[in-house]
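# Descriptive structure summary
What follows is the residue order along each chain.
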Amino acid sequence: MKVIRALPFLIFIFLFNIKSEATHLMGSDMFYKHLGGMKYEVTVKYYRDCRGIPFAINNFTVSCSNGASRTVDLTLKSIKEITPLCPTESAKCTPQNVSNTGEGYEEHVYTAILDFGALPLSALASCTGDVVLATGQCCRNGAINTGPGGKYYTEALMKFDLTADSNSSPTFEIPPLIFTSINQPLHYAIGAVDTSDYDSLSFSFGQPLAEVSVPIGYDSGFAFNHPFSAYYPAGKSAPYSDPNANPPIGIYLDPTSGNLIGTPTVENQVTILVIVVKEWRKDSLGVYSNISETRRDVQMIV
């Protein structure tokens, strides 16, 4: 697995010279594990700005894209601070999940067991479209200054008809990219792997969403595949990219490895980065079919 090669966390002290906001949600990851039969364990990791209000789950739904929908209760499993700190710095998010404790961020992990063989989810067991696992919140973090603010929505997709009810989604083994530095080449591996079924994965930029199929637009000069200001020599501009240049030109996402490469050029930009991970499996004829989809939707600070 490739690792982060350029992420100078020592600049952390300077990164929070950014307007503090009451809103708190910086993004989330979601994945699920097959437990046998029609049972799955879903995990959602929410990322909270510790300068904002306490985090509380708003909603989590399971639905068929062409049918019924059910609300499911998530259970809080853990809260931990994952702020990149210098060795001499103290924790920023103490006490946990309390308003305006410091300039840091927390990971809140929630889980639920989804049993499609029993009520209330048995109504979805015959779904012939996507089974959609979805969560939303009132508001994204108000510190975002590249455009995509407002409501927060993200989802993961399961496909019963293609997996015979026996697939686990990819998981994220590397924390989200929250901080990166100006004028330094960025090489970030998303760290999505499938160690359960060893299916093939592909990666692409995704649109941040406010609701189902409702994308949030970026300000002029930014886009879902160009979410921050990047280095371009004279005569070049987005969406052109050259990840092998020195320094890297533009913003490049490798579709097979998930590596994000670019050179940020404007400090104090706060943006949204969404990477869609699709899972692929060969059918009986040797043809690849898309069997799941999940999203890493996180706030990124230059």
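In this text the structure is predicted, and so the values were computed from the model without any measurement. (Residues numbered from 1 in each chain as written. Predicted model: local features only at pLDDT ≥ 70, side-chain atom pairs only at ≥ 80, totals over all residues. Heavy atoms only, no water.)

### Considerations on the overall build of the chain
Across its full length, the chain holds 2 helices and 18 strands. Over its C-alpha trace the chain gives a radius of gyration of 19 Å, about what one expects of a compact globule, namely 19 Å for 302 residues. Principal-axis analysis of the C-alpha atoms gives the chain an extent of 55 × 45 × 35 Å. Classification of the 302 residues of the chain by burial places 52% in the buried group. In the chain, the share of contacts with a sequence separation of at least 24, taken over all contacts with a separation of at least 6, comes to 70%. Roughly 13,000 Å² of accessible area belongs to the chain as shown, and the carbon and sulfur atoms make up 53% of that amount. For the chain, the separation between the mean place of its 21 positive charges and that of its 28 negative charges on side chains is 1 Å. (Helix = DSSP H or I, 4+ residues; strand = E, 2+ residues; numbered from the N terminus. Rg over C-alpha atoms; globule rule 2.2 N^0.38 Å. Buried < 20%, exposed > 50% of the residue type's maximum accessible area, 1.4 Å probe, protein only. Contact = heavy atoms within 4.5 Å. Areas by Shrake-Rupley, 256 points an atom, 1.4 Å probe, with all protein chains shown as cover. Lys, Arg positive; Asp, Glu negative; His and termini not counted. Charge placed at Lys NZ, Arg CZ, Asp CG, Glu CD.)

### Details of the pattern of salt bridges
This model, assessed by the stated rule, comprises 12 salt bridges. Put simply, Arg48 and Glu106 hold a salt bridge, and the shortest N to O gap is 3.0 Å. Here the residue Arg48 occupies a position in strand 2 (residues 39-49), and Glu106 occupies one in strand 6 (residues 105-115), the gap between them amounting to 58 residues. The class of Glu106 is buried, set by a relative accessible area of 0%. (Salt bridge = Lys/Arg side-chain N within 4 Å of Asp/Glu carboxyl O.)

### Let's talk about the confidence of the model for the chain
Mean pLDDT for the chain: 90, with 92% of residues reaching 70 or above. Low pLDDT, under 50, characterises residues 1-21; the stretch is placed with 57 contacts to residues that sit more than four places away or in other chains. (pLDDT = per-residue confidence, 0-100.)

### Observations concerning the nonpolar core
For soluble globular proteins, nonpolar side chains are generally found buried alongside one another. By size, the foremost hydrophobic cluster in this structure holds 26 residues, and its most contacted members are Val42, Phe60, Val62, Leu114, Phe116 and Leu133. Put simply, the parts of the chain that give this core at least two residues each are strand 1 (25-36), strand 2, strand 3 (59-64), strand 6, strand 7 (131-137) and strand 8 (152-158). The residues touching Val62, leaving out its near neighbours within four places in the chain, are Ala68, Ser69, Arg70, Val72, Leu114, Phe116, Leu121, Leu124, Val131, Val132 and Leu133. Listed in part, the 24 residues of the second largest apolar core include Ala189, Ala192, Phe205 and Leu260. (Core = buried A, V, L, I, M, F, W, Y, C linked by side-chain atoms within 4.5 Å.)

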